[in-house]
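Residue strings, one per chain:
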Amino acid sequence: MSAVIDALDASLAGPPATATPAALEVLHEVFGYAAFRGQQAAIVEHVCAGRDALVLMPTGGGKSLCYQVPAIQRQRAGRGVTVVVSPLIALMQDQVGALEELGVSAAFLNSTLDGDAARQIERELLAGRLTLLYAAPERILTPRFLAMLDSLHERGLVSLFAIDEAHCVSQWGHDFREEYLGLSALHERYPTVPRLALTATADDHTRADIVARLQLEAARLFVASFDRPNIRYTIVEKDDAKRQLLAFLRDEHEGEAGIVYCQTRKKVEETAAWLVEQGIAALPYHAGLDAEVRRVNQDRFLREEGLVMVATIAFGMGIDKPDVRFVAHLDLPKNIEGYYQETGRAGRDGEPADAWMAYGLQDVVQQRRMIDEGEADEEFKRVQRAKLDALLGLAEAHDCRRVRLLAYFGEASEPCGNCDNCLTPPATWDATEAARKLLSCIYRFHQHGGFRAPRAFGAVHLVDVLRGKRTDRVAQYGHDELSTFGIGADLGESQWRGVIRQLIALGHLRAEGEFNTLVLTDSSRAVLRGEVTVRLRVPAEKVARGGRMRKVRAGGGGAGKAAPLPLDAAGEKRFAALKAWRGEVARAHNVPAYVVFHDATLAQMAQAQPQSLDALAAIGGVGAKKLERYGEELLRVLAG
Ligand code: ADP
Ligand code: ZN
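Every value quoted in this text rests on a predicted model; they were computed, and no experiment measured them.

The rules behind the values
Residues numbered from 1 in each chain as written. Chains lettered and ligands numbered in written order. Predicted model: local features only at pLDDT ≥ 70, side-chain atom pairs only at ≥ 80, totals over all residues. Heavy atoms only, no water. Phe/Tyr/Trp six-rings, centres within 6.5 Å; stacked < 30°, edge-to-face > 60°. Helix = DSSP H or I, 4+ residues; strand = E, 2+ residues; numbered from the N terminus. Buried < 20%, exposed > 50% of the residue type's maximum accessible area, 1.4 Å probe, protein only. Lys NZ or Arg CZ within 6 Å of the ring centre and 35° of its normal. Contact = heavy atoms within 4.5 Å. Donors = N, O, S within 2.8 Å, 3.2 Å for Na, K, Ca; no water. Tetrahedral: all angles 85-135°; square planar, octahedral: opposite > 155°, others 65-115°. Pairing = 2+ DSSP bridges. Axes fitted to C-alpha atoms, helices over the stretch in contact; angles between N-to-C directions. Core = buried A, V, L, I, M, F, W, Y, C linked by side-chain atoms within 4.5 Å. Near = heavy atom within 4 Å. Polar contact = N/O pair within 3.5 Å; in protein donor to acceptor, adjacent residues only side chain to side chain. Areas by Shrake-Rupley, 256 points an atom, 1.4 Å probe, with all protein chains shown as cover. Nonpolar A, V, L, I, M, F, W, Y, C, P; charged D, E, K, R; others polar. Expected span 1.5 Å × (residues − 1). Parallel < 35°, antiparallel > 145°, perpendicular 65-115°, else oblique. Left-handed = near helix turned anticlockwise from the far one by under 90°.

Caption draft 1: Representation of the packing of aromatic side chains. Across all of its chains, the model carries 16 aromatic pairs by this definition. Their ring planes at 45° and their centres at 5.1 Å tell us that Y340 and F409 sit as a pair that is tilted. Here Y340 is found in helix α14 (residues 336–343), whereas its partner F409 is found in the loop between α17 (401–408) and α18 (420–423), with 69 residues between them in sequence. F409 carries the same exposure label as Y340, and that label is buried. Taking 5.0 Å as the distance between ring centres and 55° as the angle between the ring planes, the aromatic pair formed by F445 and F457 counts as tilted. A residue pair is termed long-range when its members are at least 10 positions apart, and F445 in helix α19 (residues 432–447) and F457 in the loop between α19 and α20 (459–467) qualify at twelve residues. Both residues of the pair, F445 and F457, belong to the buried class. Three or more aromatic residues joined by ring pairs form one cluster here, namely F226, Y233, Y339, Y340, Y408 and F409. Taking the ring centre of F301 as reference, the NZ or CZ of K321 above it sits at 5.5 Å. Lying across the ring of F597, K626 places its NZ or CZ 5.3 Å from the centre.

Caption draft 2: Expanded view of the environment of L198. With respect to the helices, strands and loops of the structure, L198 is situated in strand β6 (residues 195–199). You can call L198 buried: its relative accessible area is 0%. The spacing of L198 and G393 is 195 residues in sequence and 30 Å in space, taken between C-alpha atoms. Sequence-distant contacts of L198, defined by excluding residues within four places in its chain, comprise V55, K63, C66, Y67, I163, D164, E165 and A166.

Caption draft 3: A look at unusual backbone geometry. Backbone geometry places E165, a non-glycine residue, at a positive phi of 50°. Note on placement: E165 falls in the loop between β5 (158–163) and α9 (184–189). Notably, Q609 is not glycine yet its phi reads approximately 50°, a positive angle. Along the chain, Q609 falls in the loop between α26 (599–608) and α27 (613–617). By relative accessible area, Q609 is classed as partly exposed at 31%.

Caption draft 4: Region of interest: the coordination of the zinc ion (ligand 2). Around the zinc ion (ligand 2), the protein contributes the donor atoms C400 (SG), C416 (SG), C419 (SG) and C422 (SG), which lie 2.3 to 2.4 Å from the metal centre. Around the zinc ion (ligand 2) sit four donor atoms; with metal-centred angles ranging over 101 to 119°, the donor geometry is tetrahedral. The sequence pattern formed by the donor residues of the zinc ion (ligand 2) is C-x15-C-x2-C-x2-C. C416 sits in the partly exposed class, given a relative accessible area of 25%.

Caption draft 5: Spotlight on the sheet that holds strand β13 (residues 353–359). As summarised here, the arrangement of the six strands in space is β8-β13-β12-β9-β11-β10, forming an open sheet in which the pairing is parallel. For this open sheet the edge positions go to β8 (231–237) and β10 (282–285), each flanked by a neighbour on one side alone. The sheet shows a mean angle of 15° between the axes of neighbouring strands, taken without regard to direction. In this sheet, strand β11 (residues 308–311) lies alongside strand β9 (residues 258–261) in parallel orientation, the contact comprising four bridges. Residue pairing in the sheet places V260 in a bridge with V310 of β11.

Caption draft 6: Focus on the sheet that holds strand β2 (residues 81–85). Across the sheet, seven strands lie side by side as β3-β4-β2-β5-β6-β1-β7; this open sheet has parallel pairing. In this open sheet, the two edge strands, each paired with only one partner strand, are β3 (106–109) and β7 (220–223). In this sheet, neighbouring strand axes are inclined to one another by 20° on average, regardless of whether the strands run parallel or antiparallel. With four bridges joining them, β2 and strand β4 (residues 132–135) adopt parallel strand pairing. In the strand pairing of β4, V83 is matched with L133. Packed on one face of the sheet, helix α3 (residues 40–48) meets β1 (53–56), β5, β6 and β7 and runs near 160° to β7.

Caption draft 7: Up close: the nonpolar core. Grouped together as the largest cluster of nonpolar side chains are 136 residues, with contacts concentrated most on F301, L438, I500, L509 and M605. Formed by 38 residues, the second largest nonpolar core is a distinct cluster that contains M92, L102, A162 and F222.

Caption draft 8: Up close: the site of ligand 1. Around ligand 1, the structure places 15 residues, and the nearest of them are Y33, G60, K63, S64 and R348. For ligand 1, a nitrogen atom lies 2.9 Å from a polar atom in the backbone of A35. Between S64 and ligand 1, the recorded distance is 2.7 Å, taken from a side-chain N or O atom to an oxygen atom. Burial of ligand 1 by the protein chains amounts to 84% of its free accessible area of 560 Å². Of the residues belonging to the shell around ligand 1, the class tally is five nonpolar, seven polar and three charged.

Caption draft 9: Fine view of helix α11 (residues 241–252). With twelve residues, α11 extends 16 Å from end C-alpha to end C-alpha; this agrees with the ideal 16 Å at 1.5 Å per step. All of the buried residues along α11 are A241, Q244, L245, L246, F248, L249 and E252. Summarising the contacts, the buried residues of α11 are in contact with β8, β9, α12 (265–277), β12 (326–329) and β13.

Caption draft 10: Just the side chain of H461, in detail. Summarising the element assignment, H461 is placed in helix α20. Since its relative accessible area comes to 4%, H461 is described here as buried. Apart from residues lying up to four places away in sequence, H461 is in contact with F445, R473, V474 and H479.

Caption draft 11: Highlighting the packing of α3 against helix α4 (residues 63–76). The N-to-C vectors of α3 and α4 enclose an angle of 40°; their axes lie 9 Å apart at closest approach. Relative to α4, α3 is oriented oblique. Two packed elements cross with a definite hand, and for α3 against α4 that hand is right-handed. Where α3 abuts α4, its residues Q40, I43, V44, V47 and C48 lie against L65, C66, V69, P70, Q73 and R74. Its residues placed into classes, the contact of α3 with α4 shows eight nonpolar, two polar and one charged.

Here's what the structure looks like:
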């Protein structure tokens, strides 16, 4: 990650981030936003000036504006169309829908269009009337499309290539797309057209691939902070995961949209069905479902409000719904990259959002086993194990989760005040003695084998012996005669399971084979010899339950979803009326509601109660086109 840090330092030390007045004007007038965020200004300035860039920015960081503003500004200066390479059809449609709402001339070319519609767009393109054109790479690389580009280019009307989801060019990443490899042809054919590649995937390896394969050696690298301050990270010990999830949904996210990730298709379907039984509006999504069912479910999730999508990781890339209020994990992801990308789908609109995960012994054992028993070579397994260890370290952490997450991506930070460990610092205890008892008990099992063949002794049996329970199995193997029999009667069953989980997570213990036989590791010996102190979180049952408070939102009583701002009763009524109005507009225009206005924009209107078009224009998210189109209606709705 050191290269990323260098890049971060370099870009922070670069020239101050000022965007040209023309770019700011586009931001205010078209998007209705007051200011650029973070590095947007510097990136926009660089791209407007016609230079290449590679942008690494977390999900929700605001990548789209980095090419949309230059596209608009450069088109105004007579430089022609910006071609946006995007791998996902659903995403193109939503982006184009949103741009049309803003009054920007944008279109997409993909397989969902019939011949007539496609030809109409091609005519617009050739006439130089489009500001942004979205297309998939395989489309762009067809002779027909390249011929059109040639014609535009001869007339100086190809302004910019924006390559979205640029990590798709890397085989190393998880979203590799063969067609992306062909994109270097664009640069060879049109070397003077600037290019902007964007991605939210930050690891060094992928980044090096992007630079090499897209020939971006001379491009300036912009690495934004990967922090998502509005996301609250919480990791709880699993005890009855479904019930814990239900409590989380009911207590904190009633009526709100979110994603629940599960590892298997079966678990997705079971969980979704169970949530529906409990009265939660939930839908399933996984790669095994019929394509049409997947399309409908995804569409409903994007367009309707307050749906919970229960999904495998097949769901997510290209979902840029801004008002996802939570992402919950019922199973452990493979590594921190996965966790960060999945949780990053929450709260793109910058409003408070939750990343919640339930995690237990079984998760640790399963993930370790999947690596051990995988087909990959030793070197690859070693990398995977190290990545899993980092994630387990995060799950078991007693200190700020965000500090650890950001450190993983090479960023130093201070305790955040917005994760479970910052909000309710967990009690820890010195578990060195307990760990030694446990490990020596395992040691005795193997020593004690005698004439009886050594057997697979898993967690349940171990805890029985430690707690002095004379089960049949204990008697059968004579484990009640061991010196360690009953030495752990002071801790409860689930406390011992917690110790086992944490020891496995820390690498002091390993579960092997079909029966999860517990075996000692090199570092267990150090613990046994008393060379290592083991500090563990206090097991869940020792802490009072229900420690978390329901988020209090002033005036947010009653059914349904509260506004993202504190509103009084009259304000809530205005907010509800605005949302009802928005729903009608969204249906009429066949776009998701958030494309018309974000919740935050409506809440500001409800709070400020603007009485004139000028006052309305001052509200964040109200650009010139929307003001012209909806201003009068909004004033009427606000007047009640
Ligand atoms: P990304 O593609 O990086 O995941 P988006 O481009 O979808 O992120 O932006 C996330 C959200 O933030 C969008 O809803 C966008 O409208 C909003 N946004 C981006 N930049 C700004 C800004 N400068 N001011 C206000 N809102 C912004
Ligand atoms: Zn924190």
